[in-house]
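# Structural overview
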Amino acid sequence: MNEYLTREIWKMRKNISTEPGTPTVSLVKIENKTYQLLFMSCGCENACTFCSYGFDYHLTLEMVKPELEKLKLEEFDIVELELEANGSFLSEREIPYDLFLEVLYYVSHRNIPIITIETHYNTITEKKIQDIRRILGEEQEIHFELGFESANEDVRAIYNKDIDLNQYLEVTKLCERYGIGLEINVLLGAPFLTRKEQIQDCLDSLKFIYEEMPKGTHAILFPINIKNNTMLKHWQDIGIYDQISSWEFVELLHEIPEKYLDSFTIAWWGTRENAFTKGIIQHPKTCNKCRNRLMNFYVNFYCNWNPSYRKAILDEIWATRCDCDK
């Protein structure tokens, strides 16, 4: 990571505070039947330019367990449950190991079809995977969601994203050996690139994921959301970066080859907030005339993986895009 960027980002994170009474863990509905079990951890040890993952809760099993037990998962119709921290769920700095094991026991044997764990690739070890399999069972469908953002080293440097590509690929192979599915995050909107270059970077990253990572790996496409207390927000404040248009995200989706249309999903397109992000995010730009239509489109795209359906709604919305993007 860049020493200057890292130092400045950590300074910004010291300005972050939480509302009194914010729970250490909460259940958040994402869309459809996907939920997050979100833990208010002390924040990510990495320093990406787009992230503000820095909070002041140092979680312990004794602190979290009473709140966790108040959440009645059986009262919700959950198809996919995501285990999330303010950074990496498998980071022992954020989620102590005894708490990690307790959470696994808590969510196990509840007939939840998919359990997804979001974490940094360097927090994954064979021992942790073995514990996950031992507690959740060999038949449980398990995914890891991993930050990647871009296959281009220069773009990752803009994000201050520290990745050893060979080690990353070795981790994906380890996951494959234990039957762990992979969801790889790709980010649209890299600073200092043109719109065309930003879109091409995502297309190149998708190609890398599908050609170099285990068969069946899925991508998650994110348009950049500008958060307070981030380097992106600072760059916006001094006039060298601005929020992307939501139509750029649509353009990216429209350019993805049809053979990949059932191999990725989307996230953070403009309606999502949780207890820790409310009021601090700028979503991709829309105008009042097109916002509702775009938000409905994204939900339809997210909820239906059929490639023919996705292509049809992409063709329709791109052909009728709003004047605010012309």
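Located above this text is the structure these notes cover.
Every chain's residues receive numbers from 1 upward, in the order its sequence appears when written. Whole-chain, interface and lining totals are the exception, using all residues; otherwise, since this is a predicted model, local features are given only for residues with pLDDT of at least 70 and side-chain atom pairs are given and counted only at 80 or more. Note that the side-chain values use all heavy atoms of the structure and ignore hydrogens as well as water.

### What to know about the pairing of strand 4 (residues 114–119)
Buried residues are those whose accessible area, probed at 1.4 Å on protein chains only, stays under 20% of the maximum for their type, while exposed residues exceed 50% and partly exposed ones sit between those limits. The helix count covers DSSP runs of H or I at least four residues long, the strand count covers runs of E at least two residues long, and both are numbered beginning at the N terminus. With 6 of 6 residues buried, strand 4 is to be regarded as a mostly interior element. Alternating residues of strand 4 divide into Ile114, Thr116 and Glu118 and Ile115, Ile117 and Thr119, and every residue in both groups is buried. Whether two strands pair comes down to DSSP finding at least two bridges between them. Summarising the sheet, strand 3 (residues 80–84) and strand 4 pair through 4 bridges and their orientation is parallel. Counted as the bridge partner of glutamate 80 is isoleucine 114 from strand 4. As for the winding sense of the linkage, the β-α-β connection from strand 3 through helix 3 (residues 97–107) to strand 4 is right-handed. Across 6 bridges, the pairing between strand 4 and strand 5 (residues 141–149) is parallel. Residue pairing for strand 5: glutamate 118 is matched across the bridge by glutamate 145. The β-α-β motif built from strand 4, the intervening helix 4 (residues 126–136) and the parallel element strand 5 has right-handed crossover chirality. Crossover handedness is defined by viewing with both strands directed away from the observer: a clockwise path from the first strand over the helix to the second marks the crossover as right-handed.

### Overview of the sheet that holds strand 3
Strands sit in the order 1-2-3-4-5-6-7-9 across an open sheet of 8 strands; the sheet is mixed. This sheet does not close on itself; its edge strands, each paired only once, are strand 1 (25–31) and strand 9 (264–266). Across this sheet, the average inter-strand angle for adjacent strands is 25°, counted without regard to direction. Against the sheet, helix 4 makes contact with strand 4 and strand 5, and its axis sits at roughly 150° relative to strand 5, the strand it touches most. Fitting a line to C-alpha atoms yields each axis, with helices limited to the stretch in contact; the angle taken between N-to-C directions then spans 0 to 180 degrees. Contacts: residue pairs with any heavy atoms within 4.5 Å of one another.

### Some details on the nonpolar core
In these notes, a set of buried Ala, Val, Leu, Ile, Met, Phe, Trp, Tyr and Cys residues joined through side-chain atoms within 4.5 Å is what counts as a nonpolar core. Core analysis: the biggest nonpolar cluster contains 110 residues, and Leu37, Phe144 and Leu253 have the highest contact counts within it. The residues touching leucine 37, leaving out its near neighbours within four places in the chain, are Val25, Ser26, Leu27, Leu68, Leu71, Leu81, Glu82, Leu83, Glu84, Val103, Tyr106 and Val107.

### What to know about helix 4
Residue pairs spaced three or four apart in an α-helix point in one direction, given the helix's 3.6 residues per turn. Along helix 4, the residues that are buried comprise Lys128, Ile129, Asp131, Ile132, Arg133, Ile135 and Leu136. In this structure, the buried side of helix 4 is in contact with helix 3, strand 4, strand 5 and helix 6 (165–177). Just downstream of helix 4 lies glycine 137, where phi reads positive at about 100°.

### Structural notes on the packing of aromatic side chains
Each aromatic ring pair is characterised by the separation of its centres together with the angle its planes make. Aromatic contacts are taken between Phe, Tyr and Trp rings whose centres are within 6.5 Å, Trp giving its six-membered ring; a plane angle under 30 degrees counts as stacked, one over 60 as edge-to-face, and the others as tilted. Using the criterion set out here, one finds 16 aromatic pairs in the structure. Ring plane angle 55° and centroid distance 5.7 Å describe the contact between phenylalanine 39 and phenylalanine 89, whose orientation is recorded as tilted. You can see phenylalanine 39 sitting in strand 2 (residues 34–39) and its partner phenylalanine 89 sitting in the loop between strand 3 and helix 3, a full 50 residues away along the chain. For phenylalanine 89, a relative accessible area of 1% translates into the label buried. Pairing tyrosine 121 with tyrosine 168 gives two aromatic rings, centres 5.0 Å apart and planes at 45°, and the pair type is tilted. Pair noted here: tyrosine 121 is in the loop between strand 4 and helix 4 and tyrosine 168 is in helix 6, with a separation of 47 residues, a long-range link. Judged by relative accessible area, tyrosine 121 falls into the buried class, the value being 4%. Aromatic rings pair up to connect Phe249, Phe264, Trp269, Phe297, Tyr298, Phe301 and Tyr302 into one cluster.

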